[in-house]
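Here are the chains, one letter per residue:
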Amino acid sequence: MSKENKKKKGLGKFLLGAGIGATLGILFAPKSGKETRKELKAKLDELIEKVKKIDKKELVAEIQNKIEEIKEELADLDKETVMEIAKEKAIEIKEKAEDLYELAKAKATPVIEEAADEVRKKALAVVKDIEKKLK
């Protein structure tokens, strides 16, 4: 690998890391569930853009697919007014986030794995929030 390619990949990892840091700041700020889900959707969009830059097209497609599934579930969750249905959707989001994390852990770079882990953790927070509202 040439020095130029190494520098390019290093810069990409740096930018991805910076994006993840910004994501964490937004996701852990105290906000309403709706705002947090909206920001999570935006961060998922950013993650898609960063994942697109990975050379392995098959991996990119798999991760993109998992992210789109999570976004679809989040969209459905926003529309639901019945808490029991919202709980079921939250559990589906949790499961899909776990799948995304496991895929990233097995096949992606540590930076992508870390970002997927943050998505997984945020999905768990959404599930806990829904469960708390059901009580």
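What comes next is a walk through the structure.

Each value, and the rule that gives it
- Here the residue numbers are simple positions, counted from 1 along each chain's written sequence.
- Predicted model: local features are reported for residues with pLDDT of at least 70 only, side-chain atom pairs are reported and counted for 80 or more only, and whole-chain, interface and lining totals are derived from all residues.
- Hydrogens are left out, water is left out, and the side-chain values use all remaining heavy atoms of the structure.
- We call a set of buried residues a nonpolar core when its members are Ala, Val, Leu, Ile, Met, Phe, Trp, Tyr or Cys and they connect through side-chain atoms within 4.5 Å of each other.
- Only protein chains enter the area calculation, which uses a 1.4 Å probe; residues under 20% of their type maximum are buried, those over 50% are exposed, and those in between are partly exposed.
- Strands here mean DSSP runs of E at least two residues long; helices mean DSSP runs of H or I at least four residues long; both are numbered from the N terminus.
- Whether two residues are in contact is decided by their heavy atoms: any pair within 4.5 Å suffices.
- The span you would expect from a helix comes to 1.5 Å times its residue count less one.
- Pairs of N or O atoms within 3.5 Å make up the polar contacts considered here, provided that, within protein, one atom can donate a hydrogen while the other can accept it, and that residues adjacent in sequence are counted only when both atoms are side-chain atoms.

**Thoughts on the nonpolar core**
Thinking step 1. Membership of the largest hydrophobic core comes to 23 residues, with the highest contact counts inside it found for Leu 44, Leu 47, Ile 63, Ile 67, Ile 70, Leu 100 and Ile 112.
Thinking step 2. Elements supplying a minimum of two residues to this core: helix H2 (33-51), helix H3 (57-79), helix H4 (83-107) and helix H5 (110-134).
Thinking step 3. In contact with Leu 44, other than residues within four places in its own chain, are Ile 67, Ile 70, Lys 71, Leu 74 and Val 119.

**Some words on the environment of Val 60**
Thinking step 1. Looking at where Val 60 falls in the secondary structure, it is placed in helix H3.
Thinking step 2. Put simply, Val 60 and Glu 49 are eleven residues apart on the chain and 9.9 Å apart in space, counted from C-alpha to C-alpha.
Thinking step 3. Among all residues touching Val 60, those that are not within four sequence positions of it are Val 51, Lys 52 and Ile 54.

**Details of H2**
Thinking step 1. With 19 residues, H2 should cover 27 Å at 1.5 Å per step; its first-to-last C-alpha distance of 26 Å lies within 8% of that length.
Thinking step 2. Within the sequence span of H2, burial applies to Thr 36, Arg 37, Glu 39, Leu 40, Lys 43, Leu 44, Leu 47, Ile 48 and Val 51.

**Considering the side chain of Arg 120**
Thinking step 1. For Arg 120, the location among the structural elements is in helix H5.
Thinking step 2. Residue classification places Arg 120 among the buried residues on the basis of a relative accessible area of 17%.
Thinking step 3. Engagement of the side chain of Arg 120 in a polar contact is seen with the side chain of Asp 117, the distance being 2.3 Å.
Thinking step 4. With residues near it in sequence (within four places) discarded, Arg 120 still touches Ala 97, Glu 98 and Tyr 101.

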